[in-house]
Amino acid sequence: MLARALAAVFIVAGGLQAQVSPDWIVPFPPFRIAGNLYYVGSKGLASYLITTPQGHILINSDLEESVPLLRASVENLGFKFSAIRILLISHAHWDHDGGSAAIKRLTGATYMVMDADVPVVESGGKADFQYGKQPASLYPPTKSIACCTTATR
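Our subject in this report is the structure included herewith. Computed from a predicted model, the values in this text were never measured in an experiment. Per chain, residue numbering runs from 1 following the sequence as it is written. Local features in a predicted model are, by the rule used here, given only for residues with pLDDT of at least 70; side-chain atom pairs are given and counted only at 80 or more, and totals for whole chains, interfaces and linings are based on all residues. Hydrogens are left out, water is left out, and the side-chain values use all remaining heavy atoms of the structure.

## Some details on the packing of helix α2 (residues 67–76) against helix α4 (residues 100–107)
The condition is simple: In this analysis, axes come from line fits to C-alpha atoms, helices being fitted only over the stretch in contact, and the angle between any two N-to-C directions falls in the range 0 to 180 degrees. A helix here means a DSSP run of H or I that spans at least four residues, while a strand means a run of E at least two residues long, and both kinds are numbered starting from the N terminus. By the definition adopted for this analysis, an angle is roughly parallel if under 35 degrees, roughly antiparallel if over 145, roughly perpendicular if from 65 to 115, and oblique otherwise. Pairs of residues are marked as contacts when any of their non-hydrogen atoms sit within 4.5 Å. Each residue is assigned to one class: nonpolar for Ala, Val, Leu, Ile, Met, Phe, Trp, Tyr, Cys and Pro, charged for Asp, Glu, Lys and Arg, and polar for all the others, Gly among them.
Contact pair α2 / α4: the axes reach a minimum separation of 10 Å and the direction vectors enclose 45°. With respect to each other, α2 and α4 are oriented oblique. Residues V67, L70 and R71 of α2 touch α4, and the partners they reach there are A102, I103 and L106. Residue composition of the contact of α2 with α4, by class: five nonpolar, no polar and one charged.

Structure (structure tokens):
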């Protein structure tokens, strides 16, 4: 009986991992953090814009449905979304990189990720050790460039 109860808890908990938190898609006013660094994410998912005269850098594309929100935040700050030249992610999970294909298509940005994240982003999340088996956490596969080696201990 206890084994069945524990199994049920793990099944339910596993299914909840890929659900979108309401705060993840709620707009949040973009703002300048310091210098040329800006917050452009939602209420619950962080994205950052670094502006430069040579083009901008966006860190985290968030969810597929986040792209219009990110675009509006960048443009509300007075910058051109199309001026994003580099797209980076903090790590390859669907809630941080799901919108990358759309952003790359809209801006032509170079998508640069850590070498260990390349298989995940190029598989659309299927190679993600944590979420790869959950259909709700998959997204369009996106070609990327490995920009750095993951540190090993």
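Structure shown, so let's carry the discussion forward.
## Considerations on the packing of aromatic side chains
The condition that has to hold: The criterion for an aromatic pair is that two Phe, Tyr or Trp rings (for Trp, the six-membered ring) have centres within 6.5 Å, with stacked assigned to planes under 30 degrees apart, edge-to-face to planes over 60 apart and tilted to the rest.
A full pass over the atoms with the stated rule returns seven aromatic pairs. Seen in terms of ring centroids, F28 and Y39 are 6.0 Å apart; in terms of plane orientation they differ by 85°. Their pairing is edge-to-face. Of this pair, F28 sits in the loop between α1 (2–16) and β1 (31–34) while Y39 sits in strand β2 (residues 37–39), and the two are eleven residues apart along the sequence.

## Focus on the pattern of salt bridges
To be explicit about the condition: One speaks of a salt bridge when a side-chain nitrogen belonging to Lys or Arg is within 4 Å of a carboxyl oxygen belonging to Asp or Glu. Think of it in three bands: residues with accessible area under 20% of the maximum for their type are buried, residues over 50% are exposed, and the middle band is partly exposed, with areas taken using a 1.4 Å probe on protein chains only.
The tally for this structure, following the rule as stated, stands at two salt bridges. Between R71 and E75 there is a salt bridge, and its shortest N-O distance comes to 3.2 Å. With R71 and E75 both in helix α2 and four residues apart, this pair spans about one turn of that helix. Overall, E75 belongs to the partly exposed group, its relative accessible area being 39%. Linking E122 and K143 is a salt bridge whose minimum nitrogen-to-oxygen distance equals 3.6 Å. Linking E122 in helix α5 (residues 118–122) with K143 in the loop between α5 and β7 (145–148), this pair joins segments that are 21 residues apart in sequence.

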